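Understanding the architecture of this molecule
The primary structure of each chain is shown beneath.
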Amino acid sequence: MKAYYKASFKKSETSRYGVLLDPVAGANQLLIEVKAVSVNPVDYKLNNMDTGFIPGARLPKIVGSDFAGIVRIPAEGDTAFKAGDRVYGAAPIFFGKPGSLAELLVTAPENARHIPDGMSFQEAASLPVAALTALNGLRRCKVTAGSNLLINGATGGVGHFAVQIAKAKGAVVTASCSEKNSKLAMKLGADKVMGYRCEDMANISGAFDAILDAWGQMKFKDIFRLLKKEGSYASPLFLIAPAFVTNIVWLFSRKYLTSMNMRKRAEDYDEIEKLFSEKKLKPFIENIFTLEKAAEAFAFAEKGRPRGKVIITLAD
Ligand SMILES: NC(=O)c1ccc[n+]([C@@H]2O[C@H](COP(=O)([O-])OP(=O)(O)OC[C@H]3O[C@@H](n4cnc5c(N)ncnc54)[C@H](OP(=O)(O)O)[C@@H]3O)[C@@H](O)[C@H]2O)c1
């Protein structure tokens, strides 16, 4: 099969496109013919790292996590999936497990979901990591109807889902993005748009119940100025927000700092799928590459300025 994979643990030797032996599914695994994969920052971060220290690390290491495709061989004794089912999900990226950037993927049934009716392979592949992270951040920030919410990095992978999910919850959304993406932010449903490089942001204080920082690198002085008393801030770059740090910050500032992370919970997938079926959430896909051009897709995503999701397609 054709794949995009690391042949060395060294960070200087990033992934290459080439041919690997077809994988053989174990008794409890699905064999999936992959049709689309989306690129997430974690994929290029891993690609650019020395990975030999990761427990169970093995070569060749196929990179990529989000996938959508068709079940070719179901897992023994598993009744959830049969051959021919359209499925999507996120393959685990660590512990020697194969990633999704290959024509064939073997993975456990718990990493897969049926693709809902009306959802394309590309749309399905764009959802797991980014949309589940956005949902988690909104929950951690307790965003509900009427919440005054700032979403920073509002038109990237996580941000563009966060805007749509927050609007579906009835929040009042201010989107922060580069000037070139203002129109897209409005199209996604934002009530107001601010350029993150403009003066507007500097002149605001105490305006927001919550800040979902999809970019993840806002300065603390800006966070504390922009948040109302008892407001919450979530970043995807705090992998964990230790309770004692959160508590100390809360004690002195009455502001709550937290992390947002992808959680592969069935009820979270259900919520995303429901929003999709109600037409309240639609992945924005503008940049599509073939597997052969995966290196270009990674280089493009790595610039950190994608609009919506970057897709690698393996469909005929
Ligand atoms: N912990 C987790 O489970 C988890 C899950 C998913 C993602 N993440 C992390 O979350 C981050 C975002 O992921 P993503 O998929 O949304 O990335 P992405 O698709 O590359 O989007 C990055 C966004 O950041 C914006 N941005 C760039 N410079 C900025 C600045 N100076 N101020 C404000 N925004 C700026 C870009 O907006 P413009 O194009 O308008 O400049 C773009 O919308 C990554 O670091 C990723 O690793 C973590």
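Here's a quick rundown of the structure. (Residues numbered from 1 in each chain as written. Predicted model: local features only at pLDDT ≥ 70, side-chain atom pairs only at ≥ 80, totals over all residues. Heavy atoms only, no water.)

**Structural notes on the site of the ligand**
The environment of the ligand is made up of 26 residues, and the closest members are Lys45, Ser178, Tyr196, Asn261 and Arg305. The backbone of Val158 places a nitrogen or oxygen atom 2.8 Å from an oxygen atom of the ligand. In isolation the ligand exposes 920 Å². Once the protein is present, 87% of that is buried. Mapped onto the shell around the ligand, the elements with two or more residues apiece are helix H1 (41-47), helix H3 (128-140) and helix H4 (157-168). Class assignment for the residues of the shell around the ligand results in 13 nonpolar, 10 polar and three charged. Mapping the shell around the ligand onto the domain boundaries places at least three of its residues in each of domain 1 (2-127 + 283-313) and domain 2 (130-259). (Near = heavy atom within 4 Å. Polar contact = N/O pair within 3.5 Å; in protein donor to acceptor, adjacent residues only side chain to side chain. Areas by Shrake-Rupley, 256 points an atom, 1.4 Å probe, with all protein chains shown as cover. Helix = DSSP H or I, 4+ residues; strand = E, 2+ residues; numbered from the N terminus. Nonpolar A, V, L, I, M, F, W, Y, C, P; charged D, E, K, R; others polar. Domains from an automatic or database assignment.)

**Some words on the layout of surface pockets**
Where empty space is left can be seen by rolling a probe of water-molecule size over the atoms. Here the second largest pocket is characterised by a volume of approximately 270 Å³. Around the second largest pocket, the lining comprises 16 residues; the ones closest to its centre are Arg58, Pro60, Ile62, Gly96 and Pro98. Within the residue set of the lining of the second largest pocket, elements represented by two or more residues are strand E4 (61-62) and strand E7 (104-107). Here the residues of the lining of the second largest pocket are counted per class, giving 11 nonpolar, two polar and three charged. (1 Å grid on protein atoms, 1.4 Å probe; cavity = no way out; pocket = protein on both sides within 12 Å on 5 of 7 lines; lining within 4 Å. Points joined across faces, edges and corners; volume = space filled by probe spheres on them.)

**A look at empty space enclosed by the protein**
The final tally for this structure, using the stated rule, is one cavity of 30 Å³ or more. Taken as a whole, the largest cavity spans an internal volume of roughly 110 Å³.

**Examining the sheet that holds E4**
Pairing in this open sheet of three strands is antiparallel, and the strands run E2-E1-E4 from one edge to the other. Strand pairing shows two members of the sheet lacking a second neighbour, strand E2 (16-19) and E4, which therefore form its edges. As paired strands, strand E1 (residues 2-6) and E2 are joined by four bridges and run antiparallel to one another. When the sheet's bridge partners are listed, Tyr4 is paired in E2 with Tyr17. (Pairing = 2+ DSSP bridges.)

**Some thoughts on the pairing of strand E11 (residues 192-195)**
Across four bridges, strand E10 (residues 172-177) lies against E11 in parallel orientation. Looking at the pairing, Ser176 lines up with Met194 of E11.

**Quick word on H3**
The end-to-end C-alpha separation of H3 is 18 Å, in line with the 18 Å expected for 13 residues at 1.5 Å each. Those residues of H3 that fall on the buried side of the exposure criterion are Pro128, Val129, Ala130, Ala131, Leu132, Thr133, Ala134, Leu135, Asn136, Gly137 and Leu138. Lys142 sits one or two residues past H3 and shows a positive phi near 55°. (Expected span 1.5 Å × (residues − 1). Buried < 20%, exposed > 50% of the residue type's maximum accessible area, 1.4 Å probe, protein only.)

**Quick look at the nonpolar core**
Ranked by size, the top nonpolar core spans 48 residues in total, and within it Leu149, Ile151 and Ile165 carry the most contacts. There are two domains that each give this core at least three residues, and those are domain 1 (2-127 + 283-313) and domain 2 (130-259). Filtering out sequence-adjacent residues up to four positions away, Ile165 remains in contact with Ala131, Ala134, Leu135, Leu138, Ile272, Leu275 and Leu281. In terms of nonpolar packing, the next biggest core, distinct from the first, is built from 35 residues, Ala75, Phe81, Ala297 and Val310 among them. (Core = buried A, V, L, I, M, F, W, Y, C linked by side-chain atoms within 4.5 Å. Contact = heavy atoms within 4.5 Å.)

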